[in-house]
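A structural walkthrough
These are the residues of each chain, in order.
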Amino acid sequence: MDYSPGDTLIHRLDVRAKMLGFLGIIILSFLFQNPFYQLVILAIASLLALWINIPLQKIGGMIIPLMPIVISIILITGFSLPPQHFEQASSQKILFYALPGNRFGATIGGFLLGTTFLLRLWSMLIASSILTSTTSMEDFTQFFHRMKVPAEISMMITTALRFIPTLDKKRRLIMEAQKARGTKFNDKGIASSIRSYIPIMIPLFINSILMANSLSMAMLNRGYGMTRAWSPSSEKSFALRDFWTIFLIILATTAAIFARFKLRLGVL
């Protein structure tokens, strides 16, 4: 998602605090198996997204194409995980059997775990959207510089982050142009669906190569690689709000780890 300038508290946070918050949401998402706890994490991430005016419909549009894969994962976990895989008696119950003779049973815990995978994916998508839409490329570059990341790797990462939204816009423009020419993208069958997306992939690859070539020429004209020294445009330091944010993130993550491994909450 593109960077959107703003004046919210999240926009004003130091990039290191935001990166720690992003890491905290990822850790919390993988701690709990119960979808109820994952739903709480998703609600918190959604409220943060609404706070900085990120339309959730846009994030929903990112996950809708993945729904066939997600539904497949829910079905696989529902039928493949045996009752003894779960700790809770309620999760060990078998809803029904797919084959005669009480074979290939679908467990409640398996379906709940598959639902957790879906909510976890949505939480991480929202968290990454919050991070990229409130942090400029200059802040990312400065963060990598402070983390002693080599300049080449930093350039690769920031360039990828910058051009992912650009390529997505190109994809939408190409799809609209191909639809205007009568191309259909909803053909039945796997082979037909793959063939229908060839008119999108070929122009998208060509556009990617042209953009990469233009970027390399611009970098050469600006003398990229002539010196190994970094010259950041600005230096940012921690403010009081950053210290409080880091403290709350560490406190929440520690409490969640304690609840998961000591109190055994959030397990199926």
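Above this note sits the structure.
Figured I'd write up the structure that's included with this text. (Residues numbered from 1 in each chain as written. Predicted model: local features only at pLDDT ≥ 70, side-chain atom pairs only at ≥ 80, totals over all residues. Heavy atoms only, no water.)

1. What about a nonpolar patch on the surface?
Defined as follows: Patches in this entry comprise residues that are over 30% relatively accessible and not in a salt bridge; like charges within 9 Å are linked, as are nonpolar side chains (Val, Leu, Ile, Met, Phe, Trp, Tyr) within 5 Å. To measure how exposed things are, a 1.4 Å probe is used in the Shrake-Rupley method; for residues, cover is taken only from the protein chains shown. Salt-bridge detection follows one rule: a side-chain nitrogen of Lys or Arg within 4 Å of a carboxyl oxygen of Asp or Glu. Numbering of helices and strands starts at the N terminus; helices are DSSP runs of H or I of at least 4 residues and strands are runs of E of at least 2. Note on classification: 1.4 Å probe, protein chains only; a residue is buried when its accessible area is under 20% of the maximum for its type, exposed when over 50%, partly exposed between these limits.
On the surface, Leu240, Phe243, Trp244, Phe247, Leu248 and Leu251 cluster together to form a nonpolar patch covering roughly 700 Å² of accessible area. Its location among the elements puts Leu251 in helix 11 (residues 240-261). Leu251 sits in the partly exposed class, given a relative accessible area of 47%.

2. Some words on the packing of helix 3 (residues 35-51) against helix 6 (residues 108-134)
What counts is decided by this rule: Helix axes use the C-alpha atoms of the stretch in contact, all axes being lines fitted to C-alpha atoms, and the angles between their N-to-C directions lie in the range 0 to 180 degrees. Each angle gets one of four labels, with under 35 degrees taken as roughly parallel, over 145 as roughly antiparallel, 65 to 115 as roughly perpendicular, and the rest as oblique. The handedness criterion is simple: a crossing whose near helix is rotated anticlockwise from the far helix by less than a right angle is left-handed, and one whose near helix is rotated clockwise is right-handed. Only heavy atoms matter for contacts: two residues are in contact if any of them lie within 4.5 Å across the pair. Asp, Glu, Lys and Arg are counted as charged, while Ala, Val, Leu, Ile, Met, Phe, Trp, Tyr, Cys and Pro are counted as nonpolar; the rest, among them Gly, fall into the polar class.
With their axes 9 Å apart at the nearest point, helix 3 and helix 6 run at an angle of 20° to one another. It follows from the interaxial angle that helix 3 and helix 6 lie roughly parallel. Crossing angle aside, the handedness with which helix 3 passes helix 6 is left-handed. For the pair helix 3 and helix 6, the contacting residues are Pro35, Gln38, Leu39, Ile41, Leu42, Ala45, Ser46, Leu48 and Ala49 in the first and Leu112, Thr115, Thr116, Leu119, Arg120, Trp122, Ser123, Ile126 and Ile130 in the second. Looking at the contact of helix 3 with helix 6, its residues break down into 12 nonpolar, 5 polar and 1 charged.

3. Remarks on the pattern of salt bridges
Scanning all chains against the criterion turns up 3 salt bridges. Between Asp7 and Arg12 there is a salt bridge; the shortest N-O distance is 3.6 Å. Exposure remark for Arg12: the relative accessible area of 37% places this residue in the partly exposed category. Across the pair Asp14 and Arg16 runs a salt bridge whose closest N-O atoms are separated by 2.9 Å. A relative accessible area of 19% means that Arg16 is categorised as buried.

4. What to know about the packing of aromatic side chains
The geometry of two aromatic rings is summed up by the distance between their centres and the angle between their planes. Let me state the cut-off plainly: Within 6.5 Å between ring centres, the rings of Phe, Tyr and Trp (the latter by its six-membered ring) count as paired, and their orientation is classed by plane angle as stacked under 30 degrees, edge-to-face over 60, tilted in between.
Throughout the structure, instances matching the rule amount to 7 aromatic pairs. Between Phe238 and Phe243, the aromatic rings sit 5.3 Å apart at their centres with planes inclined by 45°, giving tilted as the arrangement. Classification of Phe238 by relative accessible area gives partly exposed; the value is 30%. Plain terms: the ring middles of Trp244 and Phe247 are 6.0 Å apart, the flat faces sit at 85° to each other, and that makes the pair edge-to-face. Here Phe247 and Trp244 lie together in helix 11, a separation of 3 residues that amounts to about one turn. Judged by relative accessible area, which is 45%, Phe247 ranks as partly exposed. Three or more aromatic residues joined by ring pairs form one cluster here, namely Phe32, Phe36 and Tyr37.

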